[in-house]
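# Understanding the architecture of this molecule
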Amino acid sequence: MDVETVSRRGWGAVFVALFAALLVSFGGVQAAFAQWGTTPLPSIGAPAPEFELPDQSGQVRRLADFRGKWVVLYFYPRDFTAGCTIEARRFQQDLPKFQALGAEIVGVSADSVDSHRRFCLAEGLQFLLLSDPQGTVSRAYGSWMGDMALRNTFLIDPDGILRAIYPIVNPYRHSAEVLAQLQELTKKG
């Protein structure tokens, strides 16, 4: 790029363009962003890491509580933020379809039980949100960076085995993507 282009676009735009090119050249954007967490992602086909966290009502929930059901375990950065609200609304909108396939939706973030309660009330959410303020479970799923969860999702089968991992998601269409894959997996048996 020449000096005139840089001054027209600004250094921020130049940095973003160079960073994007670098990511694409090293195996794609999704693969690069997937490794931003402080721990590696678990493997598809492996048992899902166990968890024990309080939900929005303060009741402790464990992965074992969901045996016999599919679990859509999604991690997100913060309650009441734009992307997280859109993602939660989409899961709520599709909740009856997930339930018809024998699946539970469970969200996890570092927010407090009280914040989750307020978020559920404000958005009419009828699925569980788990509070992981220390990031213990988020780390076990490779979904922790700094002081918050990354936006990752894990599809866990009724036996507790990881069947799909979504390391980077678009909040607007993510629920539909997970639902389509769940429909595929349940047809296969």
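Here, the structure is the one placed above.
Below is a short write-up of the structure. (Residues numbered from 1 in each chain as written. Predicted model: local features only at pLDDT ≥ 70, side-chain atom pairs only at ≥ 80, totals over all residues. Heavy atoms only, no water.)

### Examining the environment of S131
Residue placement: S131 occurs in strand β5 (residues 128-131). C-alpha of S131 to C-alpha of D111: the two residues are 20 residues apart in sequence and 5.7 Å apart in space. Of note is the side chain of S131, whose polar atom sits 2.7 Å from the backbone oxygen of D111. (Helix = DSSP H or I, 4+ residues; strand = E, 2+ residues; numbered from the N terminus. Polar contact = N/O pair within 3.5 Å; in protein donor to acceptor, adjacent residues only side chain to side chain.)

### Examining the side chain of S143
Its location among the elements puts S143 in the loop between α5 (136-140) and β6 (144-145). Among the polar contacts listed, one links the side chain of S143 to the backbone oxygen of Y141, at a separation of 3.1 Å. Each residue touching S143, except ones within four places of it in the same chain, is listed here: F75, S138, M148, A149, L150, N152 and F154. (Contact = heavy atoms within 4.5 Å.)

### With respect to the pairing of strand β8 (residues 153-156)
Along β8, one buried face is formed by T153 and L155 and the opposite face, lined by F154 and I156, is buried too. When strand β3 (residues 70-75) meets β8, the two strands line up antiparallel, connected through 4 bridges. Residue pairing for β8: V71 is matched across the bridge by I156. With 4 bridges joining them, β8 and strand β9 (residues 162-166) adopt antiparallel strand pairing. Residue pairing in the sheet places F154 in a bridge with I165 of β9. Hairpin connection, β8 to β9: the antiparallel pair is bridged by 5 residues, and G160 has positive phi, about 85°. (Buried < 20%, exposed > 50% of the residue type's maximum accessible area, 1.4 Å probe, protein only. Pairing = 2+ DSSP bridges.)

### Considering the sheet that holds β3
Strand pairing in a sheet is mediated by backbone hydrogen bonds. Such pairs are either parallel or antiparallel. One open sheet holds the 5 strands; their spatial order is β5-β4-β3-β8-β9, and the pairing between them is mixed. In this open sheet, the two edge strands, each paired with only one partner strand, are β5 and β9. Between one strand and the next, the sheet's axes are offset by a mean angle of 20°, whatever the strand orientation. Sheet topology places strand β4 (residues 103-109) next to β5; 4 bridges connect them, and they run parallel. Across the sheet, residue V106 finds its bridge partner in β5, namely L128. Together, β4 and β5 form the strand contacts of helix α4 (residues 113-123), whose direction differs from that of β5 by roughly 160°. (Axes fitted to C-alpha atoms, helices over the stretch in contact; angles between N-to-C directions.)

### Some remarks on the nonpolar core
Counting 24 residues, the largest nonpolar core has Y74, F98, I105, F127, L129 and L155 as the members making the most contacts within it. Counting residues per element, the ones that place at least two in this core are β3, α3 (82-100), β4, α4, β9 and α6 (174-188). Per-element accounting of this core gives the leading share, 5 residues, to α3. Leave out the neighbours within four places in its chain, and L155 touches W70, V71, V72, I161, L162, R163, A164, V178, Q181, L182 and L185. Counting 19 residues, the second largest nonpolar core, distinct from the first, contains L63, F66, I156 and L162. (Core = buried A, V, L, I, M, F, W, Y, C linked by side-chain atoms within 4.5 Å.)

### With respect to the pairing of β3
Extensive coverage of β3 is indicated by the burial of 6 of its 6 residues. The side-chain alternation of β3 yields two buried faces, one formed by W70, V72 and Y74 and the other by V71, L73 and F75. With 6 bridges connecting them, β3 and β4 associate as parallel partners. The partner of W70 across the bridge, within β4, is A103. The β-α-β motif built from β3, the intervening α3 and the parallel element β4 has right-handed crossover chirality. (Right-handed = clockwise from strand over helix to strand, strands pointing away.)

### Quick notes on α6
Its 15 residues give α6 an end-to-end C-alpha distance of 22 Å, which sits within 8% of 21 Å, the value for a rise of 1.5 Å per residue. Taken residue by residue, α6 has H174, S175, V178, L179, L182 and L185 as its buried positions. One face of α6 carries all of its buried residues, which in axial projection span an arc of 130°. Projecting away from the buried face of α6 at angles above 90 degrees are the exposed residues K187 and K188. Those residues of α6 hidden inside the fold are in contact with β3, α3, β4, β8 and β9. (Expected span 1.5 Å × (residues − 1). Arc of directions from axis to C-beta.)

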